[in-house]
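Structural overview for review
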Amino acid sequence: MASVSYHISNLLEKMTSADKDFRFMATNDLMVELQKDSIKLDEDSENKVVTMLLKLLEDKNGEVQNLAVKCLGPLVGKVKDYQVETIVDTLCTNMLSDKEQLRDSSSMGLKTVIAELPPASTGSTLTTNVCKKITAQLTGAISKQEVSVQLEALDILSDMLSRLSSTLISFHSPILSCLLPQLTSPRLAVRKRAIIALSHLVPSCSAAIFTELMKHLLTELSRNESTSTTRTYIQCLAAISRQAGHRVGEHLEKIIPVLVKYCSVEDDELREYCFQAFESFVRRCPKEMSPHIPTVIGLCLKYITYDPNYNYDNDEEDDDNAMDTESGDEEDEETGDEYSDDDDMSWKVRRSSVKCLEAVVSTRHDMLQDFYKTVSPALIARFKEREENVKADIFLAYMSLLKQTRPMQGWLQSSDIMGKEESSLTMLKSQVPNVVKALHKQLKEKSIKSRQGCLCLLTELANVLPGALADHIPALIPGIVYSLTDKSSSSNMKIDSLSFLNVILCNHPPEALHPHIKVILPPVVACIGDPFYKITSEALLVTQQLVKVIRPLEKPSSFDSKPYVKDVFSSTLKRLKAADIDQEVKERAISCMGQIICNLGDQLGGELQPTLKIFLERLKNEITRLTTVKTLTLIAGSSLKIDLKPVLAEGVPILASFLRKNHRALKLMTLIALDIIIKNYSDCLKPAMIESVLSEIPSLIGENDMHISQVAIMLLSCLTKVCPSSLSKISGSALPEVFNLVHSPLLQGGAMNAILDFFQALVVTKAGNMGFNELLKHLTGPFYGSQKSGGSNIIHRQSYYSVAKCVAALSSTCPKEAINMVNHFIQDVKNTKSSDSVRILAFLCLAEVGRTMNLGGQKELKTVIIESFSSPNEEVKSAASYALGNICVGNLNEYLPFMLSEIGSQPKRQYLLLHSLKEVISSSSVEALKPYVEDIWTLLFKHCECSEEGTRNVVAECLGKLTLVNPAQLLPRLKKQLTSGSPYTRSTIVTAIKFTITDQLLPIDTLLKGCIGDFLKTLQDPDLNVRRVALVMFNSAAHNKPSLIRDHLDSVLPHLYNETKIRKDLIREVEMGPFKHTVDDGLDVRKAAFECMYTLLDSCLDQLDIFEYLNHVEDGLKDHYDIRMLTFIMLARLSAMCPNAVMQRLDRLVEPLRATCTTKVKAGSVKQEFEKQDELKRSAMRAVAALLTIAEAQKSSVMSDFTSQIRANSEMASIFESIQKDTISSTTATETMDTS
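Below you will find a few notes about this structure. None of the values given here were measured: they were computed from a predicted structure. (Residues numbered from 1 in each chain as written. Predicted model: local features only at pLDDT ≥ 70, side-chain atom pairs only at ≥ 80, totals over all residues. Heavy atoms only, no water.)

Brief notes about the overall build of the protein
The number of helices and strands found in the protein is 64 helices and 2 strands. Counting only C-alpha atoms, the protein reaches 115 × 100 × 80 Å along its principal axes. Expressed as a percentage of the 1236 residues in the protein, the buried residues total 54%. When the accessible area of the protein is evaluated, it comes to approximately 54600 Å², of which 51% is carbon and sulfur surface. Counting 137 positive and 152 negative side-chain charges, the protein places the averaged centre of each group 5 Å from the other. (Helix = DSSP H or I, 4+ residues; strand = E, 2+ residues; numbered from the N terminus. Buried < 20%, exposed > 50% of the residue type's maximum accessible area, 1.4 Å probe, protein only. Areas by Shrake-Rupley, 256 points an atom, 1.4 Å probe, with all protein chains shown as cover. Lys, Arg positive; Asp, Glu negative; His and termini not counted. Charge placed at Lys NZ, Arg CZ, Asp CG, Glu CD.)

Structure follows, in structure tokens:
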């Protein structure tokens, strides 16, 4: 400490030197010391440093002053609070000084101090005290008439309000009173800074102050004392909307008519500000702006053409005037200069109206069809705009329209949305000729900005509507070639031209491009040799596509590719050979050459083998090996049967070595490459080469990475079929790993199918001495082993199903051996000494085999299964039921009548038999099932009114799936049953409808759409249980096929919201001994209703009145534990999806969150109560963290108070910190996830 004090005092002494260089160096050294984290100052040093720095602010030398200002920043965190207050007091006093230089340095010092103060959320008393001191001084300074003081004071106030507004809540009223008069200041700079300060004030001010501000602005606007102040007030409205749009919404009804009126005033700047305000309202208050959107669009379309000082040629003259751009360039430039003088402000009106239009287009997807009728033609007509900046914005607006038209991706897409998109795309298609007509001449203009705008727009158009430019390629090619060959073209211009050309080549048929190859190819080849790597890279990408066009392999082509092979090959080869080039160029050169060999390899002659040798070199290079493996896969799969024999001897062992690398993408691509090489070049592979691959495969098969396991097993299947002799040692290497995977609980999907194919190939070829019986023994052995060891080896239930599928696959390949195996399984079931696991396996194997084979010859099978229905083990009963259903699928004639009679005559076995029937309906073909539909239907309706809910649910599933067999006939019959007097029947019917709604496209969909409204009426059913199952059905429809319910939402939502309310008549007290326990019979219905609301967020958000929706979310935040947990998640989703709406309700939403976080469990409560409350707190905090991701939320006073309360409580603070860390780490993990 002493040494620090001594060093500091030395520096302070030098700062008093008469030599300015000494003072400068000493101040610089002090700044370096203050920036060290370790430095600690004693009280005396603090006083001296603060006094000296404040003195240096008045130094005669400007550089010393600047350094003193910079020192104040790090000093704030190193001195005591009262010293910071002293600094602030002095700086505020200096700000009012007569000396201009002192004023400037002091204001810079204040800004530096404010930037270093701890954030308001930390609850620092220093921040509060300093803000109070500065604010009082600043409001005084702003009221003075000295303009330079006012400007600095407004600047500092803006800085404070943007960072620390919530600490100044008590000062908001005087700040407002001080700022409002500045809006009429004679100096425009003062007005602008006052607007900025006001915009930073509004996110955190109280509702009363905000209303006062809006009233003042509206009153002044209606008075319209001068055009100049009117402009200022409109600018202020726009700025407020940008910072706190969620608060402006309720005042829009009064604001919009005023602005519309001012648009007709002959003042270009005023109009510009009106459109800027409209743009801000459209983006920040989408719901409240909805009724005004047609008015705004009308004004935009009117003023987009507003150019009173320029006479555009008529369209007819425009068409005739097809002069070459080169000859008219000078004339154009003169014309442009003549009208782009400083007096003409009309371009600002046009630009602001286009930007406003772009905001409307990008936020109103629901109006897309209207845009194509009105907005699109108007924008196309304005592509001729003379002002370059305005033209750029017109292009951006049209690109926005195209982006909105892009077909939505995803399985949730509903047919009505698809229909709207189709009609929008059709309208766009009809307008493509006009777009091309308006743009193709501009592709040869001198203005690079205009040409780039054209290319970006055309690229977007080609992506949205692939193939649409096919008829217009002759008009576009000259422009592309011009940009590629013009010496004045910038690098970006060439890259954009190549990018557009690439999109055309990808999205259009080769025949449309063949006539132009002669013109396109030379400039592209020239670009491959360009010294700038980005141009080379893009040119190689285009060349790769060109090769596919020159000689398409998918279908025969009459186009002669030979004249172009040499140019393409030699230019690419030059880049392929180069070692000292950018990584991206290396990779693209490898890919491009791979495409050349794949499509033109038979025309390369003696050049082919040397080029393949280069690939071998690239395969050995760690940087280029992945791209080379992909390229070899492409070449090996070529239909030209390229001769790879010379490189395989060395290449295959290198590829095999990649299988042991710790690089997932490389392993996957290598497996795929080896698979194609083995399929197409098996005659070139020697045993040693195959052995090098086989030795690496066992380590790749395991449950840690199912996808790699799947591809590795597919490679094994390929080897089994192509080179069965190479698998002689497989039983000791890869096969045990495959069996382990079969017995894994994680096996499913693609990996399961790969294993089934592999086993079938093994049985057919008998590779590795693995016949039917050997494989069967290995598959079923562990189950019999667990029987002998007394069941100590626990086998997962999923393994039974996997083994059963494998057994069935073997049986379908070897039906003769299967008969003995079936007998063996039947004996296992009959044997009283068999363990339950053996019985379960036997039944599941019989089920899988019976589904594809007719087991009618096994006379005792029915008896064995029916007897097992009485087993004490539930899993054995379930397996027997599953077996009966699947055996019936393979032999409907014999088993289905037997099953139906058993269901009718055996009430005790009814539940299991209905499960068997469900399997029959699910797995049988429609044609096979049709003759039995009536019998099954009649039987199921006899059990609709069963008092057991479990039985009713199975009946409902059977009815639903049976309806899919003949929807036209059976769906109306289901609908008819809705009028049934029994609530049990109605609930069964509604549940049955749930099972007809899947995420697949089915014939029933169109029929369902016509009558789903009748089924949704059960949401008003008097019976509570019927309403619950109706909500479950509605949820299923909203999740799987939103198009079914979208048209009914207006009538359904009131009933859905009604079910979210707590009903006291459904709450009852139950006495349990000495205790009274409250039971809420309406809880399940409310949960189902909130689950529906959650699903609607994903699928029908655009059709929800979000404020009505938030009312019910708010109620849910105060409901039962389960519902609160769900509404916390909903609130987090809403924060991301509708931040503006959430902000408008923030004050009301925070209170229930605060209540949850501060609730304490009664002492002496059971452990579960504490756990529940802890989980509720964590969920509420997650919702708070999600709310804080909304920028404006952090400035809200209510939110600020709540976060301060959280940080003040150590328990809540630690939970909140851990949640914030989890959020950050999960975001980072998502961003860095390996997507290879």
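What about the side chain of Asn1040?
Counting through the fold element by element, Asn1040 comes out in helix α54 (residues 1024-1040). The class of Asn1040 is buried, set by a relative accessible area of 17%. For Asn1040, the residues in contact, after removing those within four places along its chain, are Ile997, Thr998 and Asp999. (Contact = heavy atoms within 4.5 Å.)

Looking at the pattern of salt bridges
Applying the stated criterion across every chain, the model contains 60 salt bridges. Close ionic contact of Arg23 with Asp59 constitutes a salt bridge, the shortest N to O distance being 2.6 Å. Here the residue Arg23 occupies a position in helix α2 (residues 20-34), and Asp59 occupies one in the loop between α3 (43-56) and α4 (62-76), the gap between them amounting to 36 residues. Classification of Arg23 by relative accessible area gives buried; the value is 11%. Accessibility expressed as a relative area gives 10% for Asp59, which makes it buried. One network of salt bridges, in which partners are shared, links Asp307, Arg350, Arg382, Glu385 and Arg386. (Salt bridge = Lys/Arg side-chain N within 4 Å of Asp/Glu carboxyl O.)

Quick word on a negative patch on the surface
Together, Asp98, Glu100, Asp104 and Glu146 make up a region of like negative charge exposed at the surface. Its location among the elements puts Glu100 in helix α6 (residues 100-116). The exposed category is assigned to Glu100, whose relative accessible area is 52%. (Patch = residues over 30% accessible without salt bridge, like charges linked within 9 Å, V, L, I, M, F, W, Y side chains within 5 Å.)

A word on the nonpolar core
Membership of the largest hydrophobic core comes to 422 residues, with the highest contact counts inside it found for Phe281, Phe759 and Leu917. The contact partners of Phe759, leaving out residues within four places of it in the chain, are Leu735, Val738, Phe739, Val742, Leu775, Leu779, Cys806 and Leu810. (Core = buried A, V, L, I, M, F, W, Y, C linked by side-chain atoms within 4.5 Å.)

Section: the environment of Ile597
Checked against the element boundaries, Ile597 lands in helix α31 (residues 583-600). Taking the relative accessible area as the measure of exposure, Ile597 reaches 0% and is therefore buried. Between the C-alpha atom of Ile597 and that of Lys437, which follows or precedes it by 160 residues, the distance is 39 Å. With near-sequence residues (within four places) excluded, Ile597 lies in contact with Leu604, Leu608, Thr611, Leu612, Phe615, Ile635, Leu640 and Ile642.

Section: unusual backbone geometry
Backbone geometry places Lys641, a non-glycine residue, at a positive phi of 55 degrees. By relative accessible area, Lys641 is classed as exposed at 56%.

Some details on the packing of helix α61 (residues 1146-1158) against helix α62 (residues 1167-1187)
In contact at an axis separation of 9 Å, α61 and α62 are set at 150 degrees when each is read in the N-to-C sense. Of the possible angle classes, the one that applies to α61 and α62 is roughly antiparallel. For the element pair α61 and α62, the recorded crossing hand is left-handed. Contacts between α61 and α62 involve Leu1146, Leu1153, Thr1156 and Cys1157 on the former and, on the latter, Gln1173, Leu1176, Lys1177, Ala1180, Met1181, Ala1183, Val1184 and Leu1187. Counted by class, the contact of α61 with α62 contains 9 nonpolar, 2 polar and 1 charged residues. (Axes fitted to C-alpha atoms, helices over the stretch in contact; angles between N-to-C directions. Parallel < 35°, antiparallel > 145°, perpendicular 65-115°, else oblique. Left-handed = near helix turned anticlockwise from the far one by under 90°. Nonpolar A, V, L, I, M, F, W, Y, C, P; charged D, E, K, R; others polar.)

So, the packing of aromatic side chains
Under the counting rule described, the total for this entry stands at 12 aromatic pairs. Taken together, a centroid distance of 4.9 Å and an interplanar angle of 55 degrees make the contact between Phe783 and Tyr800 tilted. Taken as a pair, Phe783 in helix α40 (residues 772-788) and Tyr800 in helix α41 (residues 797-813) lie far apart in primary sequence, 17 residues in all. Just as Phe783 is buried, Tyr800 falls in that class too. An aromatic cluster is built from Phe275, Phe278, Tyr303 and Tyr306, whose rings are joined through pairwise contacts. Just above the ring of Phe658 sits the side chain of Arg625; from NZ or CZ to the centre is 5.5 Å. The ring of Phe898 carries Lys862 above its face, with NZ or CZ at 5.2 Å from the centroid. (Phe/Tyr/Trp six-rings, centres within 6.5 Å; stacked < 30°, edge-to-face > 60°. Lys NZ or Arg CZ within 6 Å of the ring centre and 35° of its normal.)

Topic: the side chain of Arg839
Along the polypeptide, Arg839 turns up in helix α43 (residues 836-852). With a relative accessible area of 15%, Arg839 lands in the buried category. Among the polar contacts listed, one links the side chain of Arg839 to the backbone oxygen of Asn831, at a separation of 3.0 Å. Contacts of Arg839, omitting those with residues within four sequence positions, involve Asp828, Val829, Asn831, Thr832, Ser834 and Val876. (Polar contact = N/O pair within 3.5 Å; in protein donor to acceptor, adjacent residues only side chain to side chain.)

Considering the pairing of strand β2 (residues 1075-1080)
Pairing between strand β1 (residues 1067-1072) and β2: 6 bridges, direction antiparallel. Looking at β2, one finds that Glu1069 is bridged to Thr1078. (Pairing = 2+ DSSP bridges.)

Focus on helix α14 (residues 268-284)
Look at α14: 24 Å from first C-alpha to last across 17 residues, which is about the 24 Å you get at 1.5 Å a residue. Counting buried positions along α14 yields 14 of 17 residues, so the element is predominantly enclosed. Put simply, Asp267 is the residue that caps the front of α14, since its side-chain oxygen is 3.0 Å from the backbone nitrogen of Glu269. (Expected span 1.5 Å × (residues − 1).)

Observations concerning the environment of Leu157
Within the secondary structure layout, Leu157 lies in helix α8 (residues 147-164). For the pair Leu157 and Thr405, spaced 248 residues apart in sequence, the C-alpha to C-alpha distance is 45 Å. Dropping the residues within four chain positions of it, Leu157 is found in contact with Leu138, Ile142, Ile175 and Leu179.

Observations regarding the pairing of β1
Counted residue by residue, β1 has 0 buried out of 6 residues, so it is predominantly exposed. What sits between the antiparallel neighbours β1 and β2 is a turn of 2 residues, in which Gly1073 has the positive phi angle 65 degrees.

Treat this as a map of the structure, not an account of what it does.
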